[in-house]
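Spelled out from the first residue to the last, the chains are:
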Amino acid sequence: MKGKIIRKVIMAAFLTFTCLIFGVTSVVSAEVEAGDVINSKNIDEMKDQEFEGHKIGDLLTDMVEMMIREKGLEIELKHSEPFPVDERWVEATEKYADQVKLNPETQNIEGYVAGTPFPDVDLDDPNAALKLAWNSQMVGGFPRGDIQWVPEFRFLFIDGDKGITREQTWTYLTAFYQGLLGEGRPHVVDENIYKRNITVGLSPSDIAGLGTYSIRYMDGKTDDMWAYLKSVRRVRRLSGGSWMDPIGGTDMLNDEMEVLNIHPSWYKGFEVVGKRHVLAICHSERPSFDKGSKSDLYPGIDHKTPPHWNPTDAWEPREVYELKAKLPEEHPYAEKRMYMDTQIPLLLYAEAYDHAGEMWKMIFFGMTPIKTEDGGYGILSNTGHMIDFKRNHATIFVHPMSSTWNPAGVDLDEIDVHLLKKAAQGKMDF
């Protein structure tokens, strides 16, 4: 009898010890699966669980967590995948990166031809943040072709209570003059010009035929800009100093297109907070604008459920550099945090805070890798979300994936005010 009691005590102790071990282990290693969804009901339970070796709570920025808890955001998890990168870009980086120099006084780079200018940034380098900003700049915000032709895209204006209240359709053409990979060789077309852009309104009637043409320079001077006014059928010169103003009636500032749309010297500077992992939409699988659908033109957006702006795509873990922009005093924001992918210098999203330290806006994109017309690779923004939490309003960029990169028939010397007129009259096509 005494022996049985001793065995029971030993067994109970063993089971208790085993349960403790397995219990602790299950807390530490509990892994959620691809396809699982984080939402307001389960976020407290899921924050301590892991996905691809990262705690869910660590993958969420403060603003993303707020959107889950308060704005109805549901995040479906998917496994991470590497971005495809144009082999010509890789070869150009290997060939030319050593000759690129950063001038801290002018904040400009010298000796650039093509590829990523600073592929191996040491975070202890006092100029690390500026080098990362230049990497983003010369990739054009993403690994890109020489020419981007978007025949049609839409801005959806969304009231957080009412849903979609207005839609505008636009077209744009952007040509880069640095880091081109066409013609069988990496090259620079014009050492003074970074890019030229033409953007023209297509519908509704109050914006149809309105257009702008702009030139961004390499030395940091403000853009040259012209506008086509359909009422007088004339082109007028505009001030290029409006880079921190809102774009039309949207929720986006000019410097927020593709998260960072400036010459790096226009900000007071940048700071690297460090490396971390976040969740982001990097292999978007749901069309943002399905022109052929009779039931839902915008399946990539949960526009039928308040606040009507949340994406329906899956999010994956990405390693990023967390950056802070040092903004000019006259800038509307007090703080802007940006998250740049470490595989390629792609800015995945940004968070803006007001002067009281309150969350104000979030800008994020749904990325889709694509094949360019000349056989290379690029990454396209399938959607772009600009959410203003103060106004309870959002503007979402969507397009029917009809965009082409490096189309034949575009002469870089012909991208000027004459092409702006042609585009405004509906005659620009490639």
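Above: the structure in question.
All values reported here derive from a predicted model rather than from experimental measurement.

**Student:** Could you clarify how one ought to interpret the pattern of salt bridges in this entry?
**Tutor:** Should their charged atoms come close, side chains of opposite charge can pair. According to the stated counting rule, one finds 20 salt bridges in the structure shown. Between Lys78 and Glu316 there is a salt bridge, with the nearest N and O atoms lying 3.6 Å from each other. Here the residue Lys78 occupies a position in the loop between β4 (75–77) and α5 (87–96), and Glu316 occupies one in strand β14 (residues 314–326), the gap between them amounting to 238 residues. The class for Lys78 is buried, based on a relative accessible area of 10%. When its relative accessible area of 0% is taken as the criterion, Glu316 is described as buried. Across the pair Lys291 and Glu152 runs a salt bridge whose closest N-O atoms are separated by 2.9 Å. Highlighted residues: Lys291 in the loop between β13 (269–280) and β14 and Glu152 in strand β7 (residues 147–159), separated in sequence by 139 residues. The exposure class of Glu152 is buried, given its relative accessible area of 16%.

**Student:** Teacher, can you tell me more about the pairing of β14 here?
**Tutor:** Taken residue by residue, a regular strand's side chains alternate between the two faces of the sheet. Among the 13 residues of β14, 10 are classified as buried, and the element is accordingly described as predominantly covered. Pairing between β14 and strand β15 (residues 335–341): 6 bridges, direction antiparallel. Paired with Val320 across the two strands is Asp341, which belongs to β15.

**Student:** What's the story with the packing of aromatic side chains in this structure? I'm lost.
**Tutor:** Each aromatic ring pair is characterised by the separation of its centres together with the angle its planes make. Tallied over the full model, the rule gives 12 aromatic pairs. On the basis of an interplanar angle of 50° and a centroid distance of 6.0 Å, the ring pair of Trp243 and Tyr267 is categorised as tilted. Pair noted here: Trp243 is in the loop between β12 (234–238) and β13 and Tyr267 is in the loop between β12 and β13, with a separation of 24 residues, a long-range link. Residue Trp243 shares its accessibility class with Tyr267, and that shared class is buried. Considering the side-chain rings of Trp315 and Phe364, the 5.7 Å spacing of their centres and the 40° angle between planes classify their relative orientation as tilted. On the criterion of sequence distance, the pair formed by Trp315 in strand β14 and Phe364 in strand β17 (residues 359–371) is long-range, its members being 49 residues apart. Residue Trp315 is classed as buried on the basis of its relative accessible area of 1%. Accessibility expressed as a relative area gives 2% for Phe364, which makes it buried. These aromatic residues form a ring-pair network of at least three members: Phe153, Phe155, Tyr172 and Phe397. Note that Lys361 overlies the ring of Trp360, its terminal NZ or CZ placed 5.7 Å from the centroid.

Rules used throughout
Residues numbered from 1 in each chain as written. Predicted model: local features only at pLDDT ≥ 70, side-chain atom pairs only at ≥ 80, totals over all residues. Heavy atoms only, no water. Salt bridge = Lys/Arg side-chain N within 4 Å of Asp/Glu carboxyl O. Helix = DSSP H or I, 4+ residues; strand = E, 2+ residues; numbered from the N terminus. Buried < 20%, exposed > 50% of the residue type's maximum accessible area, 1.4 Å probe, protein only. Pairing = 2+ DSSP bridges. Phe/Tyr/Trp six-rings, centres within 6.5 Å; stacked < 30°, edge-to-face > 60°. Lys NZ or Arg CZ within 6 Å of the ring centre and 35° of its normal.

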